[in-house]
Amino acid sequence: MANYNSIEKIISAEILRTNEDNLLANRICNTSFVGDIKNKGDSVTFVGLSDPTVYDYTGTLTYEDIDDYATVLYVNQDKAFSFKIKDIEELRSSIGLADSQTKRASYLLKNEVDSYVFGLYPDAGYTFSPVTVTPANVLQTIAEIKQKLEEANVPDGRTWMVVPPFVKTKLMLAGIKFQINNGINGTGSVGFTNELGCDIFVSNQLHKSADNKVYMLAGSYSAIAYAEQVLEVQVIDRMENSFDKAVRGRLVFGAKVIKPNELVCCPVIDGGNSIG
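Residues numbered from 1 in each chain as written. Predicted model: local features only at pLDDT ≥ 70, side-chain atom pairs only at ≥ 80, totals over all residues. Heavy atoms only, no water.

Chemist: Give a detailed account of helix H4 (residues 101–118), specifying residues and quantitative values.
Modeler: Taking 1.5 Å as the rise per residue, H4 with 18 residues should run 26 Å; its terminal C-alpha atoms sit 26 Å apart, in good agreement. Within the span of H4, buried status applies to Thr102, Lys103, Ala105, Ser106, Tyr107, Leu109, Lys110, Val113, Asp114, Val117 and Phe118. (Helix = DSSP H or I, 4+ residues; strand = E, 2+ residues; numbered from the N terminus. Expected span 1.5 Å × (residues − 1). Buried < 20%, exposed > 50% of the residue type's maximum accessible area, 1.4 Å probe, protein only.)

Right, here's the structure in full:
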């Protein structure tokens, strides 16, 4: 059997690179964990320090112990892909191309991860009543969401918001200008604007209910914890009962809301783009 170790490493690296460049979970979540991920069911730890007490100074200082606190995240999601190939050299030469099978597998894994992370919306500390959004009220909607985060002491520069494409359109019609960052494309596009005081991300992976409500999320960069690991990528030299070769891979991951008071959900409905 041929040794495909090098091409397996390249495919694995491509999955990680796609996630680094396009996965919103990696952009909005706390990913600073301690521990190794070797399989589904493993756990990692997110470590922090409790806040110190601020008190009236009367001439004497009292030094308190600051306790470590740790949040355990279980890696409970396991996604795989597998497809047949006729020619290993054709696969090798296609790696990195936008329409290659490995690139598409990477993007589809990314969508699965983002959908899972955005599906944590029920754990938000505050949920607005549903809003039918139009260009006339979109800025008020965003401002009220931002206010909730400010009331939770989340400062400007530490706030993100993930909106569906129709909300971005209404923001543009309302006069908000976006600067599109390099390296982001498709439904993972991201804009940054100082006018709104937060980072705006655009995604089709937000949860959508049967009655067309899209559960828009906003929060701090510490509100959600996320961890992932590409477990294995294999090129199979010959499939059973076939002369075909095959490629398969697995990605395990987990996510958890760790600061619910710094996460806000606002269900939105597309109210059209009429101005005035």
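Chemist: Report on unusual backbone geometry, specifying residues and quantitative values.
Modeler: Unlike most non-glycine residues, Asn153 shows phi in positive territory, near 65 degrees. With respect to the helices and strands, the residue Asn153 is situated in the loop between helix H5 (138–151) and strand E6 (159–163). For Asn153, a relative accessible area of 69% corresponds to the exposed category. Notably, Asn212 is not glycine yet its phi reads approximately 70 degrees, a positive angle. Its place among the elements puts Asn212 in the loop between strand E9 (198–202) and strand E10 (214–220). Judged by relative accessible area, Asn212 falls into the partly exposed class, the value being 45%.

Chemist: Outline the sheet that holds strand E12 (residues 245–257), supporting the account with residue identities and numerical values.
Modeler: In spatial order, the strands read E3-E12-E11; together these three strands make up an open sheet with antiparallel pairing. The open sheet has two free edges, formed respectively by strand E3 (77–85) and strand E11 (224–236), since each of these has just one partner strand. Across this sheet, the average inter-strand angle for adjacent strands is 15 degrees, counted without regard to direction. Sheet analysis places E3 next to E12, joined by nine bridges and oriented antiparallel. (Pairing = 2+ DSSP bridges. Axes fitted to C-alpha atoms, helices over the stretch in contact; angles between N-to-C directions.)

Chemist: Help me get a handle on H5, residues and values and all.
Modeler: The periodicity of an α-helix, 3.6 residues per turn, causes residues three or four places apart in sequence to face the same way. Taking 1.5 Å of rise per residue, 14 residues should cover 20 Å, and H5 covers 20 Å from first to last C-alpha, within 8% of that figure. Of all the positions in H5, only Val138, Thr141, Ile142, Ile145, Lys146 and Leu149 are classed as buried. Angularly, the buried residues of H5 cover 130 degrees about the axis, an arc narrow enough to put them on a single face. A positive backbone phi angle near 65 degrees is found at Asn153, which sits one or two residues after H5. (Arc of directions from axis to C-beta.)

Chemist: For the pattern of salt bridges, give the residues involved together with the corresponding values.
Modeler: Pairing is possible between side chains that carry opposite charge, provided their charged atoms lie close to one another. Applying the stated criterion across every chain, the model contains six salt bridges. The partner of Arg250 in a salt bridge is Asp78, with the nearest N and O atoms 2.5 Å apart. Of the two residues, Arg250 is situated in strand E12 and Asp78 in strand E3; the sequence distance between them amounts to 172 residues. Arg250 sits in the partly exposed class, given a relative accessible area of 23%. (Salt bridge = Lys/Arg side-chain N within 4 Å of Asp/Glu carboxyl O.)

Chemist: Account for the nonpolar core, with residues named and values stated.
Modeler: Ranked by size, the top nonpolar core spans 61 residues in total, and within it Val117, Trp160, Ile224 and Tyr226 carry the most contacts. Judged by nonpolar contacts, the second largest core, of eight residues, contains Val44, Phe46, Leu73 and Val252. (Core = buried A, V, L, I, M, F, W, Y, C linked by side-chain atoms within 4.5 Å.)

Chemist: Let's hear about the side chain of Lys213: which residues, and what values?
Modeler: With respect to the element layout, Lys213 can be found in the loop between E9 and E10. For Lys213, the side chain forms a polar contact with the side chain of Asp211, separated by 2.4 Å. When sequence neighbours within four positions are dropped, the list of residues in contact with Lys213 reads Pro130, His207, Lys208, Pro267, Val268 and Ile269. (Polar contact = N/O pair within 3.5 Å; in protein donor to acceptor, adjacent residues only side chain to side chain. Contact = heavy atoms within 4.5 Å.)

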